[in-house]
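Listed below, chain by chain, are the residues.
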Amino acid sequence: MRFEAEDRVFVLTGAGVSAASGLATFRGSGGLWNGHRVEDVATPEAWEADPGLVWRFYSMRRRDALAAQPNAAHVALAELEKQMGDRFYLCTQNVDDLHERAGSERVHHMHGTLFESRCVWCEKPFADRAFYEDGAALPVCAECGRAVRPHIVWFGEVPLDLNSIFRELERATVLLVAGTSGSVYPAAGFVDVAHRRGIETIYVGPEEPLNARAFSEILLGPATEVLPTLL
Ligand code: OAD
């Protein structure tokens, strides 16, 4: 794929891009939520009911992400960013840091990040790589003493900085989506915005996403194979 000087690329990634790094997807067989119902661990209600369970779950995810390595799909996107600079925008639904570890610098984590936490009251995110499990005390805010929660967007919460996402979508000339089932909104609706603007919309993944009809091109295959070839 060749990009012209006036092109701006908007990339949306999902769990499938980290699948080859050994991080389970949400909805695939053997998916991350097996054994843990989503509403037991990733909602504000779950947090109210049992913060210890929620922290055990996200501590496990921190461990898994720390043990994983970026794959060829992450690297291909980091290389494209090096060529395009600020004409490249990467929006990810993933909370792992594999895009950054592959070299990406302009990553917007619309569903938050595993390695940050925030006070439920002060709300300012801070770096946190600790594990709160096996009887460890749950974290509290150093300033106000209230509970500290994962800096993750749970079901029913609003994704981070939607304004910048839609600003970038409005000026992109290509939308490239990889490894997401197209089932969680608003991310699943980005392709509709792009489609209405008449720009090229490409999906990469081993199977068609739920919103396949809105894409101008579907490239079937693992992101680790398709993205390096495409880009
Ligand atoms: P899903 O688990 O819903 O979808 C993963 C997608 O990755 C599927 O469409 C697979 O076909 C595809 N896939 C699997 N292996 C792949 C590979 N090697 N290369 C490319 N694609 C592959 O995950 P998401 O769509 O990311 O939200 O889920 C969206 C959101 O739902 C998540 O961010 C999370 C979840 O609940 C929150 O936590 C708020």
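Residues numbered from 1 in each chain as written. Predicted model: local features only at pLDDT ≥ 70, side-chain atom pairs only at ≥ 80, totals over all residues. Heavy atoms only, no water.

**Overview of the overall build of the chain**
The secondary structure content of the chain amounts to nine helices and nine strands. In terms of its C-alpha atoms, the chain occupies a principal-axis envelope of roughly 55 × 35 × 30 Å. Buried positions account for 51% of the 231 residues belonging to the chain. In the chain, the share of contacts with a sequence separation of at least 24, taken over all contacts with a separation of at least 6, comes to 66%. In the structure as shown, the chain presents an accessible area of about 11,200 Å², 51% of it carried by carbon and sulfur atoms. Computed over 22 positive and 32 negative side-chain charges, the separation of the two mean positions in the chain equals 3 Å. (Helix = DSSP H or I, 4+ residues; strand = E, 2+ residues; numbered from the N terminus. Buried < 20%, exposed > 50% of the residue type's maximum accessible area, 1.4 Å probe, protein only. Contact = heavy atoms within 4.5 Å. Areas by Shrake-Rupley, 256 points an atom, 1.4 Å probe, with all protein chains shown as cover. Lys, Arg positive; Asp, Glu negative; His and termini not counted. Charge placed at Lys NZ, Arg CZ, Asp CG, Glu CD.)

**With respect to the sheet that holds strand 2 (residues 88-92)**
Sheet strands line up and pair through hydrogen bonds in the backbone, either parallel or antiparallel. Judged by pairing direction, the sheet is parallel, and its six strands sit side by side in the order 3-2-1-7-8-9 without closing on themselves. Edge strands, defined here as strands with exactly one partner in the open sheet, are strand 3 (107-109) and strand 9 (217-220). Taking the axes of each pair of neighbouring strands and ignoring which way they run, one obtains an average angle of 20° across the sheet. Pairing of strand 1 (residues 9-13) with strand 7 (residues 174-178) involves five bridges; the strand directions are parallel. (Pairing = 2+ DSSP bridges. Axes fitted to C-alpha atoms, helices over the stretch in contact; angles between N-to-C directions.)

**What about the domain arrangement of the chain?**
Often, the extent of an interface is quoted as the loss of accessible area on bringing the components together. Segmenting the chain into domains produces domain 1 (1-23 + 70-111 + 160-231) and domain 2 (26-67 + 113-152). If you average the C-alpha positions of domain 1 and of domain 2, the two centres end up 26 Å apart. With twelve residues of domain 1 in contact, the opposing surface of domain 2 contributes twelve residues. Interface area for domain 1 against domain 2, summed over the two sides, is near 910 Å², with a carbon-plus-sulfur share of 61%. Looking only at domain 1, the three residues that lose the most surface to domain 2 are L23, V95 and D97, adding up to 43% of its buried area. Counting every contact that joins domain 1 to domain 2 gives one salt bridge. Measuring nitrogen to oxygen at the nearest pair gives 3.6 Å for the salt bridge that ties D97 to R129. (Domains from an automatic or database assignment. Buried area = accessible area lost by both parts, 1.4 Å probe. Salt bridge = Lys/Arg side-chain N within 4 Å of Asp/Glu carboxyl O.)

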